[in-house]
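Residue strings, one per chain:
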Amino acid sequence: DAGVIQSPRHEVTEMGQEVTLRCKPISGHNSLFWYRQTMMRGLELLIYFNNNVPIDDSGMPEDRFSAKMPNASFSTLKIQPSEPRDSAVYFCASSPADPEAFFGQGTRLTVV
Amino acid sequence: AQSVTQPDIHITVSEGASLELRCNYSYGATPYLFWYVQSPGQGLQLLLKYFSGDTLVQGIKGFEAEFKRSQSSFNLRKPSVHWSDAAEYFCAVVPYNFNKFYFGSGTKLNVKP
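Residues numbered from 1 in each chain as written. Chains lettered and ligands numbered in written order. Predicted model: local features only at pLDDT ≥ 70, side-chain atom pairs only at ≥ 80, totals over all residues. Heavy atoms only, no water.

A. Representation of the overall build of chain B within the structure. Counting secondary structure elements, chain B contains zero helices and twelve strands. Listing the helices and strands of chain B from first to last along the sequence gives β-β-β-β-β-β-β-β-β-β-β-β. Whereas a compact globule of 113 residues would reach a radius of gyration of roughly 13 Å, chain B reaches 13 Å, a difference of no more than 12%. When its C-alpha atoms are laid out on the principal axes, chain B stretches across 40 × 30 × 20 Å. Out of the 113 residues in chain B, the part that is buried amounts to 47%. Considering only residue pairs separated by 6 or more positions, chain B has 53% of its internal contacts joining residues 24 or more positions apart. With an accessible surface of roughly 5,400 Å², chain B has 49% of that area assigned to carbon and sulfur atoms. Mean positive and mean negative side-chain charge positions of chain B (10 and 8 charges, respectively) differ by 5 Å. (Helix = DSSP H or I, 4+ residues; strand = E, 2+ residues; numbered from the N terminus. Rg over C-alpha atoms; globule rule 2.2 N^0.38 Å. Buried < 20%, exposed > 50% of the residue type's maximum accessible area, 1.4 Å probe, protein only. Contact = heavy atoms within 4.5 Å. Areas by Shrake-Rupley, 256 points an atom, 1.4 Å probe, with all protein chains shown as cover. Lys, Arg positive; Asp, Glu negative; His and termini not counted. Charge placed at Lys NZ, Arg CZ, Asp CG, Glu CD.)

B. Structural view of unusual backbone geometry. The step from S7 of chain A to P8 of chain A runs through a cis peptide bond, and the omega angle for that step is -10 degrees. Between Q80 of chain A and the following residue, P81 of chain A, the backbone shows a cis peptide bond with an omega angle of -10 degrees. Residue position: P81 of chain A is located in the loop between β8 (74–79) and β9 (88–95). Located in the positive-phi region is K61 of chain B, a residue other than glycine, with phi close to 60 degrees. Position of K61 of chain B relative to the elements: it lies in the loop between β7 (56–58) and β8 (64–68). The class for K61 of chain B is partly exposed, based on a relative accessible area of 46%.

C. How the structure looks around the layout of surface pockets. Considered as a void within the structure, the largest pocket measures approximately 730 Å³ in volume. Taken together, 33 residues form the lining of the largest pocket, with Q37 and M39 of chain A together with Q38, E88 and K108 of chain B sitting closest to its centre. For the lining of the largest pocket, the elements supplying multiple residues, two or more each, are β4 (31–38), β5 (42–50) and β9 of chain A together with β10 (87–94) and β12 (107–112) of chain B. Of the residues contributing to the lining of the largest pocket, the split by class is 13 nonpolar, 15 polar and five charged. (1 Å grid on protein atoms, 1.4 Å probe; cavity = no way out; pocket = protein on both sides within 12 Å on 5 of 7 lines; lining within 4 Å. Points joined across faces, edges and corners; volume = space filled by probe spheres on them. Nonpolar A, V, L, I, M, F, W, Y, C, P; charged D, E, K, R; others polar.)

D. Highlighting the pattern of salt bridges. Per the counting criterion, the structure on display carries 14 salt bridges over all chains. Two residues, E44 of chain A and R41 of chain A, come together in a salt bridge whose shortest N-O distance is 2.7 Å. Two residues, K49 of chain B and E100 of chain A, come together in a salt bridge whose shortest N-O distance is 2.4 Å. On the criterion of chain membership, the pair formed by K49 of chain B in strand β6 (residues 44–50) and E100 of chain A in the loop between β9 and β10 (102–103) is interchain, its members lying in two chains. Linked through salt bridges whose partners overlap, the residues forming this network are E62, R64, E83, R85 and D86 of chain A. (Salt bridge = Lys/Arg side-chain N within 4 Å of Asp/Glu carboxyl O.)

E. Focus on the sheet that holds strand β3 (residues 19–24) of chain A. Residues and elements named next belong to chain A. Strand order in the open sheet formed by four strands is β1-β3-β8-β7, and the pairing between neighbours is antiparallel. Lying at the two open borders of the sheet, with one neighbouring strand each, are β1 (5–7) and β7 (65–71). Recorded for the sheet is a direction-independent mean angle of 15 degrees between the axes of neighbouring strands. Pairing between β7 and β8: five bridges, direction antiparallel. The residue of β8 that forms the bridge with F65 is I79. (Pairing = 2+ DSSP bridges. Axes fitted to C-alpha atoms, helices over the stretch in contact; angles between N-to-C directions.)

F. Representation of the packing of aromatic side chains. All names here are of chain B. The full count for this structure, using the stated rule, is 18 aromatic pairs over all chains. Consider the rings of Y25 and F67, whose centres lie 6.5 Å apart with planes at 25 degrees: the pair is stacked. Taken together, the positions of Y25 in strand β4 (residues 24–26) and F67 in strand β8 put the pair 42 residues apart, joining distant regions of the chain. Its relative accessible area of 7% is what places Y25 among the buried residues. (Phe/Tyr/Trp six-rings, centres within 6.5 Å; stacked < 30°, edge-to-face > 60°.)

Following this line, the structure appears as structure tokens:
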């Protein structure tokens, strides 16, 4: 298996633009997580899906952020409109029934 | 509320020296426990995990960790550090029967030649 695949690896966008980050989890995993990593705040859990259903989105910073998981093999994290303070590395991770998070390589987002 | 504490932000050790990275958690019951490593520009890689049983667990790259219930700790150790171990290390906790990961703030390891 290729592991968790995230795209793009790097994204530079202007303030106010819409940004969509993509994630393909490991086949057979039933949980998916989106994390944000910054120097100031470390690793923050944004949202957690189980069997494609959002279970906990309490970490989503505000209404500008939304996440979807239309099927077991794909998830998106969208920021609209983007702001400079959204600049961070965004990680997707997936987990089988036994908890063990497998992380993607991350998307480095820069909002200018 | 659940919390994970890694009290050391930075640690520097000499190559060949032993290493211990500390992790304490706050949770009512014994959770699942993990250590992850992150190299620059990379995602997090699992080093080892503890679910139950033997409290000393072996991981990849020569790392081990010991669960101490009385101290709510899960410290990571390596007898002899290699230069390639320089990275950031994260302790994580998953409450029992609840698949949500709580990460510590991380410890950056520098290795001196």
